[in-house]
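Here is what each chain is made of, one letter per residue.
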Amino acid sequence: QVQLVESGGGLVQPGGSLRLSCAASGSIFSITAMGWYRQAPGKERELVARITGVNTINYADSVKGRFTISRDNAKNTVYLQMNSLKPEDTAVYYCNGNIQVPGRIGTYWGRGTQVSVSS
């Protein structure tokens, strides 16, 4: 079984910064991609940023230039550095991973961490 555990959410003022972390654990053979999604109240879940095993990176247009995704392969961990936060960034942020375990490749989700941007 694979678990993704997020940390680093919280309340921050507009213009502030937060760093999210997501650690994958379990019977992991390899990780092909990891990413961050978010879901605001009343809205659909959307991709924020994604990074593949060969460091191909994609960002949502709304976060380009403000957010940076990175990964530590040795720790099976992905990070999301969020700068210049805006109230519209308020959402539950979910970690996502495409992970190979013995015998299969699956998509796994964390439980989410709340990010609130407010003065």
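Residues numbered from 1 in each chain as written. Predicted model: local features only at pLDDT ≥ 70, side-chain atom pairs only at ≥ 80, totals over all residues. Heavy atoms only, no water.

Let's talk about the pairing of strand S8 (residues 77-82)
Counting buried residues in S8 gives five out of six residues, a clear majority hidden from the surface. Pairing of strand S3 (residues 18-26) with S8 involves six bridges; the strand directions are antiparallel. Counterpart to Leu-18 in the pairing with S8 is Met-82. When strand S7 (residues 67-72) meets S8, the two strands line up antiparallel, connected through six bridges. For Ser-70, the partnering residue across the bridge sits in S8 and is Tyr-79. Here S7 folds back onto S8, and the loop between the two strands holds four residues, one of which, Asn-76, carries a positive phi near 50°. (Buried < 20%, exposed > 50% of the residue type's maximum accessible area, 1.4 Å probe, protein only. Helix = DSSP H or I, 4+ residues; strand = E, 2+ residues; numbered from the N terminus. Pairing = 2+ DSSP bridges.)

Examining the side chain of Thr-52
Within the secondary structure, Thr-52 is located in strand S5 (residues 46-52). When near neighbours in sequence (up to four residues on either side) are disregarded, Thr-52 contacts Thr-32, Ala-33 and Arg-71. (Contact = heavy atoms within 4.5 Å.)

Observations regarding the state of the cysteines
Within the structure shown, the criterion is met by one disulfide. What pairs with Cys-22 in a disulfide is Cys-95, and their sulfur atoms sit 2.0 Å apart. Looking along the S-S bond of the Cys-22-Cys-95 disulfide, the torsion reads about -85°, which is the left-handed sense. Separated by 73 residues along the polypeptide, Cys-22 in strand S3 and Cys-95 in strand S9 (residues 91-101) bring together distant segments of the chain. (Disulfide = S-S within 2.5 Å.)

What about the environment of Ile-51?
Relative to the elements of secondary structure, Ile-51 occurs in strand S5. Under the relative-accessibility criterion, Ile-51 is labelled buried at 3%. A C-alpha to C-alpha distance of 18 Å links Ile-51 and Phe-29, two positions 22 residues apart in sequence. Ignoring anything within four residues of it in the chain, the contact list for Ile-51 reads Ala-33, Met-34, Thr-56, Ile-57, Ile-69, Ser-70, Arg-71 and Val-78.

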